[in-house]
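Residue strings, one per chain:
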Amino acid sequence: MDTAMQRERLTEIFDHVVRDITQREAGIVLHSSQTQLEGELCTVYTTFDKGYHTSLSLCAEKSMFVRLTRRMMEKEDVTSREVELFAKEFFNVLCGHVATQLYQITKVPARFHVPAFCQGRYMPENHLPHIVLTYSSDENESAQLIHHALTANGGGLLGQSEQKEGAAL
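Rules and cut-offs
- Residues numbered from 1 in each chain as written.
- Predicted model: local features only at pLDDT ≥ 70, side-chain atom pairs only at ≥ 80, totals over all residues.
- Heavy atoms only, no water.
- Buried < 20%, exposed > 50% of the residue type's maximum accessible area, 1.4 Å probe, protein only.
- Helix = DSSP H or I, 4+ residues; strand = E, 2+ residues; numbered from the N terminus.
- Pairing = 2+ DSSP bridges.
- Phe/Tyr/Trp six-rings, centres within 6.5 Å; stacked < 30°, edge-to-face > 60°.
- Lys NZ or Arg CZ within 6 Å of the ring centre and 35° of its normal.

Undergrad: Residue-level account of the pairing of strand β2 (residues 41–49), with values.
TA: With seven of nine residues buried, β2 is to be regarded as a mostly interior element. Judged from the eight bridges that link them, β2 and strand β3 (residues 54–61) form a sheet pairing that is antiparallel. Within β3, the residue paired with T46 across the bridge is L56. If you look at the hairpin formed by β2 and β3, you'll find four residues sitting between the two strands, and K50 has a positive phi there, around 55°.

Undergrad: Account for the packing of aromatic side chains, naming residues and giving values.
TA: For the coordinates displayed, the defined rule picks out three aromatic pairs. Centroid distance F48 to F112: 5.3 Å. Interplanar angle 45°. Geometry classified as tilted. With F48 in strand β2 and F112 in strand β4 (residues 111–112), this residue pair connects regions lying 64 residues apart in the sequence. You can call F112 partly exposed: its relative accessible area is 23%. On the numbers, 6.0 Å between centres and 75° between planes, the contact of F65 with F117 is edge-to-face. With F65 in helix α2 (residues 62–73) and F117 in strand β5 (residues 116–119), this residue pair connects regions lying 52 residues apart in the sequence. Residue classification places F117 among the buried residues on the basis of a relative accessible area of 15%. The ring of Y103 carries the charged tip of K107 above its face, separated from the ring centre by 5.6 Å.

Note that all results are geometric; they support no functional claim without further evidence.
Okay, structure coming up:
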């Protein structure tokens, strides 16, 4: 059975989940944007395996992650460590919702690693950006949700007929 998902459908899932979870968990409203990410950036990311061999990251201005942490903790003074922990927990929730949506469509269970956090941008090795969704928040902070697809030795994207195990995204 070909479980490769059309790019448009996958984009819809990512867009819906990131907007919904960001508003629900942190009260931050995201709008589609063409704005370039600037300033001090942070990235939270994970790798999906056990069904999908792909990676997902959220790169945003640090101020958005700070605001997300303040809203989730319901306090103004937050430490850098708290920002990292809450960004990872937020992304864990977001990826759980992505995995659930994908399972409902493909019936392929997905597992993802515990999210990691880094200063700046993150690009996983042997992956290329496949889908990039750019947002501006209700306070003009920029963010990008990036789906990174596995490459075949730096070549084309794995998927349709090349991928033997799991599903292609």
